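Each chain, written out:
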Amino acid sequence: MTAVALGVAVVATAVPAVRAARSSTVSALADAARPPRRTGWLITLSARLPVPFLLALRVAARRPRRVVLGVVSIAVTVSGIDVLLVLNAFLGDQPGTGAYTETQVVVLRHVLLVWTVVLLSLAAVNAIVITWATVLDNRHASALARALGATPQETTVALAAAQVLPALVGATLGVFPGGLLLFAAINTITGGDSDRATLPAPWQLIALVLATVFVVAVLTFIPARLGGRRPVTETL
């Protein structure tokens, strides 16, 4: 397990580490944020938005790769939870009628609970880290927006909304088609029978998406609030 963990860490960090090592000192000291593209229809559409959502779109446009990372992270987590819901419903039909005894079902439910906690913990850590990195990268832009009239509450909501919108997209993709594809892949590897699986009810999937968005909003609001409390003069 240690070797697998080290291998995953090396594979995940190899490309960013090589790119950082090859970048020049001047480009590394400069702000590497991608300037948002200003097109006429986009300006017309965004001008009608409230200030927090306008700033949130600007934050997301400056770091599109980070937005994609947030979407993928949430999609993977929600896909795993979706599969856990399917397995939990399957175990609910087993005692007295299936191939598992009641004791085995209890043990398997405990295993599912452990995996659920692990997935939620990883998602929470990822959300906090991504939000804090976003706060640090946008501290000058946020301070400039406050100097031009935006309130600390608006900048805080903007930083949090920049993570909530990708979370909504990721949660939706995690439910469909992410959960179905992951469950089909597991059945293919293990040789299970997908026709016997009890799929979660639609209200459970909707509740999963809404709960994911709510939790991400709460987790991202705290670091965004801390970053928005710094004085404008000190940041600039």
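Predicted, not measured: the structure shown is a model, and the values here were computed from it.

Caption draft 1: Seen up close, the overall build of the protein. From N to C terminus, the protein includes ten helices and zero strands. In the protein, the order of α-helices and β-strands from amino to carboxyl end is α-α-α-α-α-α-α-α-α-α. Within the protein, the fraction of its 236 residues that count as buried is 31%. Considering only contacts in the protein between residues 6 or more positions apart, those separated by 24 or more positions represent 85%.

Caption draft 2: Geometry of helix α6 (residues 102-137). Given a rise of 1.5 Å per residue, 36 residues ought to cover 52 Å, and the 52 Å separating the end C-alpha atoms of α6 matches this to within 8%. For α6, every residue scored as buried is listed here: V105, L112, L119, A123, A127, I130, T131, T134 and V135.

Caption draft 3: Geometry of the side chain of T155. Locating T155 in the fold gives a position in helix α8 (residues 152-190). Here T155 falls in the buried class, since its relative accessible area comes to 4%. When neighbours within four sequence positions are excluded, T155 is seen to be in contact with L55, S142, R146 and A150.

Caption draft 4: How the structure looks around the UniProt feature "transmembrane region" (unreviewed entry) in the protein. Mapped onto this numbering, the UniProt entry annotates "transmembrane region" (unreviewed entry) at residues 67-91, 111-136, 157-183 and 203-222. With 100% helix and 0% strand, residues 203-222 has its two end C-alpha atoms placed 29 Å apart.

Caption draft 5: How the structure looks around helix α7 (residues 139-147). For α7, every residue scored as buried is listed here: S142, A143, A145 and R146. With its buried residues spanning 160° around the axis, α7 presents them on a single face. A positive backbone phi angle near 130° is found at G149, which sits one or two residues after α7.

Caption draft 6: Molecular detail of the environment of P152. Assignment of secondary structure puts P152 in helix α8. The spatial distance from the C-alpha of P152 to the C-alpha of R225 is 8.3 Å, given a sequence separation of 73 residues.

Caption draft 7: Geometry of a nonpolar patch on the surface. On the surface, V107, V111, V114, W115, V118 and L122 cluster together into a nonpolar patch covering about 550 Å² of accessible area. As for its placement among the helices and strands, V118 is situated in helix α6.

Caption draft 8: Just unusual backbone geometry, in detail. In this structure, P177 follows F176 across a cis peptide bond, with omega equal to 10°. Relative to the helices and strands, P177 is located in helix α8.

Caption draft 9: Looking closely at the environment of D137. Inspection of the secondary structure puts D137 in helix α6. The sequence separation of D137 and R63 amounts to 74 residues, and the corresponding C-alpha distance is 9.4 Å. Not counting residues within four places of it along the chain, the set of residues in contact with D137 comprises R63 and R66.

Caption draft 10: Geometry of the nonpolar core. Membership of the largest hydrophobic core comes to 14 residues, with the highest contact counts inside it found for I74, V78, A171, V175 and L208. Taken together, the elements giving at least two residues each to this core come down to α5 (64-92), α6, α8 and α9 (202-228). Setting aside anything within four residues of it in sequence, one finds V78 in contact with A171, G174, V175, L208 and T212. Formed by eleven residues, the second largest nonpolar core is a distinct cluster that contains V135, A145, A158 and L159.

Caption draft 11: Here's a closer look at the environment of V213. Within the secondary structure, V213 is located in helix α9. Take V213: its relative accessible area is 17%, and that puts it in the buried class. For the pair formed by V213 and V169, sequence separation is 44 residues and the distance between their alpha carbons is 9.4 Å. When near neighbours in sequence (up to four residues on either side) are disregarded, V213 contacts V164, A167 and L168.

Cut-offs applied
- Residues numbered from 1 in each chain as written.
- Predicted model: local features only at pLDDT ≥ 70, side-chain atom pairs only at ≥ 80, totals over all residues.
- Heavy atoms only, no water.
- Helix = DSSP H or I, 4+ residues; strand = E, 2+ residues; numbered from the N terminus.
- Buried < 20%, exposed > 50% of the residue type's maximum accessible area, 1.4 Å probe, protein only.
- Contact = heavy atoms within 4.5 Å.
- Expected span 1.5 Å × (residues − 1).
- UniProt positions renumbered as here; feature names shortened; annotations may be inferred.
- Arc of directions from axis to C-beta.
- Patch = residues over 30% accessible without salt bridge, like charges linked within 9 Å, V, L, I, M, F, W, Y side chains within 5 Å.
- Areas by Shrake-Rupley, 256 points an atom, 1.4 Å probe, with all protein chains shown as cover.
- Salt bridge = Lys/Arg side-chain N within 4 Å of Asp/Glu carboxyl O.
- Core = buried A, V, L, I, M, F, W, Y, C linked by side-chain atoms within 4.5 Å.

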